[in-house]
Amino acid sequence: MAAEMAAASRKKEAEMCRKTAMDLRNTGLKIEVVELEPAVIDMARRFFDYRGPAIAEDGLAYLKRTDRRFDIILMDAFARTRPPSALIHPKALYRMRQR
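Residues numbered from 1 in each chain as written. Predicted model: local features only at pLDDT ≥ 70, side-chain atom pairs only at ≥ 80, totals over all residues. Heavy atoms only, no water.

As a further point, take unusual backbone geometry. If a residue is not glycine, its phi is most likely negative; likewise, a peptide bond is most likely trans. Of note in this structure, Asp-49 is not a glycine but carries a positive phi near 60°. Looking at Asp-49, the relative accessible area reads 45%, which means it is partly exposed. (Buried < 20%, exposed > 50% of the residue type's maximum accessible area, 1.4 Å probe, protein only.)

Laid out in structure tokens, this is it:
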């Protein structure tokens with residue numbers, strides 16, 4: 001039962017990732033997806049036809065390692081009903097703002 005719930009959750013995440021990314025890309029914006037779970041990227045590609053760029057990595061780790069600049073960063077990460085505390089910590093928000 002727990003495995004089925006986890007799979008359903010990953011499938012929902014993949015659909016949300018694909019929808020958001022595809023919607024933005026369809027407006028002509030250049031997007032880059034960073035997703036912690038490779039399975040979510042795989043599902044978005046296999047079941048929802050997402051074909052854009054995607055990096056399987058922790059988002060904060062990616063921001064630490066890259067020198068790329070972004071016009072906007074969308075964070076879609078939740079632990080139950082709230083974003084993980086590491087992602088809303090002032091240092092994390094500062095790092096996002098610097099990009």
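As a further point, take the pattern of salt bridges. A complete count under the given rule lists 4 salt bridges for this structure. Among the salt bridges present, the one from Arg-68 reaches Glu-32, with a minimum N-O distance of 1.9 Å. One end of the pair, Arg-68, is in the loop between helix H3 (59-65) and helix H4 (85-88); the other, Glu-32, is in the loop between helix H1 (2-26) and strand E1 (33-35), with 36 residues separating them in the sequence. For Arg-68, a relative accessible area of 32% translates into the label partly exposed. For Arg-46, the salt bridge identified is with Asp-42, shortest N-O distance 2.9 Å. Taken as a pair, Arg-46 and Asp-42 lie in helix H2 (residues 38-48) at a separation of 4 residues, close to a single helical turn. Judged by relative accessible area, which is 56%, Arg-46 ranks as exposed. (Salt bridge = Lys/Arg side-chain N within 4 Å of Asp/Glu carboxyl O. Helix = DSSP H or I, 4+ residues; strand = E, 2+ residues; numbered from the N terminus.)

Mapping Thr-66 onto the fold places it in the loop between H3 and H4. Separated by 3.0 Å, the side chain of Thr-66 and the backbone nitrogen of Arg-68 make a polar contact. (Polar contact = N/O pair within 3.5 Å; in protein donor to acceptor, adjacent residues only side chain to side chain.)

Its location among the elements puts Glu-57 in the loop between strand E2 (54-56) and H3. When residues no more than four places from it in sequence are discounted, the contact partners of Glu-57 are Val-34, Glu-35, Leu-36, Tyr-62 and Arg-65. (Contact = heavy atoms within 4.5 Å.)

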